[in-house]
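# Structure at a glance
Listed below, chain by chain, are the residues.
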Amino acid sequence: MSEATVLADVLRRQGVSRRAFLKYASFVTSLMALPPALAPALAEGLAKARRQAVIWLSFQECTGCTESLTRSFSPSLEELIFEFISLDYHHTLQAASGEAAEAARRQSMHDNAGRYIVVVDGSVPAADGGVYSTIAGQTNLAILQETVAQAAAVVAVGTCAAFGGLPGADPNPTGAVAVSRLVTGKPLINISGCPPMPQAMAGTLAHILAFGKLPELDALGRPLAFFGETIHDRCYRRPYYERGMFARSFDDEGARHGWCLYELGCKGPVTYNACASLKWNGGVSFPVQSGHGCIGCSEPRFWDRGGLYRPLSSATASSGKVIGIAAAAGVAIGAGAAALARRRRGASADAAAPARAATADATAPARAATADAAAADRAAAGSAAKED
Amino acid sequence: MDALTPMRAPAFGEALAAPLLHEVLRALESLARDASHATVIDLRSLPLDEAARSALRGRLGRGEVEATLDVAGTTRIEESAYAGVWWVCHLAAEGAGAAAALEQIVVARVPELLLAHPEDVAEAAQRLAGELAATPCGAAP
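Described in the following lines is the structure provided in the data block. For clarity, every value in this text was computed on a predicted model and none was experimentally measured.

Another point: the overall build of chain B. On a plain count of helices and strands, chain B comes out with three helices and five strands. When the helices and strands of chain B are read in sequence order from the N terminus, they spell out α-β-α-β-β-β-β-α. Residue burial in chain B is summarised as follows: out of 141 residues, 35% are buried. Within chain B, contacts between residues separated by at least 24 positions form 44% of all contacts whose residues are at least 6 apart in sequence. Only carbon and sulfur atoms are counted for the fraction: they give 59% of the accessible area of chain B, which is about 8200 Å².

This is the structure:
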């Protein structure tokens, strides 16, 4: 492909019309809560973009993030992103293996120096020099450092890459850490979730391609379009929460009537993700709709927050205990917890403001905020453990 | 409170349908004044429940034009009973009953998605010319 070739030309040769660009742009603007009138501009931006080189590194992970994207329910739309990028390296998807695979990665790094995007799924084991996970004789740590050195941006997909995830759960024998702990001086986006929503991954990449800059990020470095509201904010069971009508076991009358799952451990009020609005499997459902509370998989240290089936009131820090007391009292809970969620959301937005204000290098302050927020989260988790 | 009586779905979705129709009206009036003034209303971003969506669809009715596009999945475009008001639905999967990945009300003379892009037209002209040049007159390509 010549340097001057743009996506519209490349894809036209493959039978992809400009209508497909416009349709995809409409989809992405909707996902990212952009004004619908921006769709034609986004489509033009995509059409005139160069095919973006992407190197996908898989470390301590389960391949669920890749599965989420490649097996999305509307493959024709979400998988269009694979037409827009040149996926030069991906363990699971590439045909090459062994030395040939590693050669492909280094070739792409050489050919696209300063321009390629590195996607990372999985946490990075940092203990003992990183010996707990190696690929082609190199530690994950060394591969990451080598690959991001000349990258234009880094996208950490999944909670493992974004926050350490399950490999980082106590007692964390491999010293697993988030990508943000190891990558400095590069724009970085976290797209958390276990797995992350395919729309969030595809939409974020499309935004970067079309507009040449990062989308607005929250305090944890996540795209606000997908992580700007809690599961609770958009939950269809919320009216029951506001009325203090809770299921207290998975087979009681409340559960059968679809009442709020807060007392069964739902982490929706403190979990920022788009599951409740976009839903999974082609918009069919999401965990709460299937009768199970949100487990908070897109938040830092979700595995160590005191138990998936324990109410927030007993599983987290003291602020949660205040909520728990209200819950025991019944109806009054709604306003209090909702206000707490709004406060957190407001604080999150405030913390993200510097990141939003900067455009060219938006991620530096965002990453600083990420570190602060992660530290606060660790402190909260530690506090909860002591209190428990 | 009767704890055993299933609670009715929130009514705010239905309440949204009425102002939405007024928004459609304003867009339609703008289109009547300026034929190039198109408006797109993204229904996915609104908290409409299924009942409200169906009521809105029913209220707008069916017009003269229906189109199905096979572009990165299936898209259905239907003109409503009000000329220039179109219901656009991108399906998330194939087959009857598939959920919508994106639903929009487009107020325009023709939704832009139906128009052939000038670059596609130019490429098509070039391709056809090449095929005709390579094929003896009257012979099948």
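Before going further, it helps to spend a moment on unusual backbone geometry. Residue Pro 171 of chain A is bonded to the preceding Asp 170 of chain A through a cis peptide linkage, with omega at 5°. Considering the arrangement of structural elements, one finds Pro 171 of chain A in the loop between helix H9 (158-163) and strand E8 (176-177). Here the phi dihedral of Ala 136 of chain A falls at roughly 55°; this positive angle occurs in a residue that is not glycine. Here Ala 136 of chain A shows up in the loop between strand E5 (134-135) and strand E6 (138-139). Ala 136 of chain A sits in the exposed class, given a relative accessible area of 55%. Even without a glycine there, the phi angle at Ala 72 of chain B is positive, about 50°. Tracing the backbone through its elements, the reader meets Ala 72 of chain B in the loop between strand E2 (66-70) and strand E3 (74-79).

The next point concerns the nonpolar core. All names here are of chain A. Among the nonpolar cores identified, the biggest contains 74 residues, and Phe 21, Tyr 24, Ile 81, Phe 84, Val 157 and Ile 191 are the most heavily contacted of them. Excluding residues that lie within four positions of it along the chain, Phe 84 makes contacts with Leu 7, Leu 11, Phe 21, Tyr 24, Leu 46, Arg 51, Gln 52 and Leu 209. Among the nonpolar cores identified, the runner-up in size contains 24 residues, and Tyr 89, Val 124, Ala 151 and Val 179 belong to it.

It is worth spelling out the interface of chain A and chain B at this point. With 31 residues of chain A at the contact, the number on the chain B side is 32 residues. Of the roughly 2800 Å² buried at the junction of chain A and chain B (both faces included), carbon and sulfur atoms supply 60%. With a closest N to O distance of 2.6 Å, Arg 18 of chain A and Glu 119 of chain B form a salt bridge. Counting across the chain A and chain B interface gives 13 residue pairs in polar contact (both at pLDDT 80 or more). Only helix H1 (7-13), helix H2 (18-31), helix H3 (39-48), helix H5 (75-78), helix H12 (238-242) and helix H14 (275-278) of chain A provide two or more residues apiece to the side of chain A that touches chain B. By residue number, the principal contributor to the side of chain A that touches chain B is H2 of chain A, which donates nine residues. Residue composition of the side of chain A that touches chain B, grouped by class: 15 nonpolar, eight polar and eight charged.

Residues and elements named next belong to chain B. Taken together, five strands build an open sheet; the order of strands is E1-E5-E4-E3-E2 and the sheet is antiparallel. A strand with exactly one partner marks an edge of an open sheet, and here the two such strands are strand E1 (39-42) and E2. Here the strands of the sheet are splayed against their neighbours by 20° on average, with no regard to which way each runs. Here strand E4 (residues 85-91) runs beside strand E5 (residues 100-107); their pairing, made up of seven bridges, is antiparallel. Bridge assignment links Leu 91 to a residue of E5, and that residue is Ala 100. Strand contacts of helix H2 (residues 50-60): E3, E4 and E5, with the helix running at about 140° to E4, the strand carrying the most contacts.

Thresholds applied
Residues numbered from 1 in each chain as written. Chains lettered and ligands numbered in written order. Predicted model: local features only at pLDDT ≥ 70, side-chain atom pairs only at ≥ 80, totals over all residues. Heavy atoms only, no water. Helix = DSSP H or I, 4+ residues; strand = E, 2+ residues; numbered from the N terminus. Buried < 20%, exposed > 50% of the residue type's maximum accessible area, 1.4 Å probe, protein only. Contact = heavy atoms within 4.5 Å. Areas by Shrake-Rupley, 256 points an atom, 1.4 Å probe, with all protein chains shown as cover. Core = buried A, V, L, I, M, F, W, Y, C linked by side-chain atoms within 4.5 Å. Buried area = accessible area lost by both parts, 1.4 Å probe. Salt bridge = Lys/Arg side-chain N within 4 Å of Asp/Glu carboxyl O. Polar contact = N/O pair within 3.5 Å; in protein donor to acceptor, adjacent residues only side chain to side chain. Nonpolar A, V, L, I, M, F, W, Y, C, P; charged D, E, K, R; others polar. Pairing = 2+ DSSP bridges. Axes fitted to C-alpha atoms, helices over the stretch in contact; angles between N-to-C directions.

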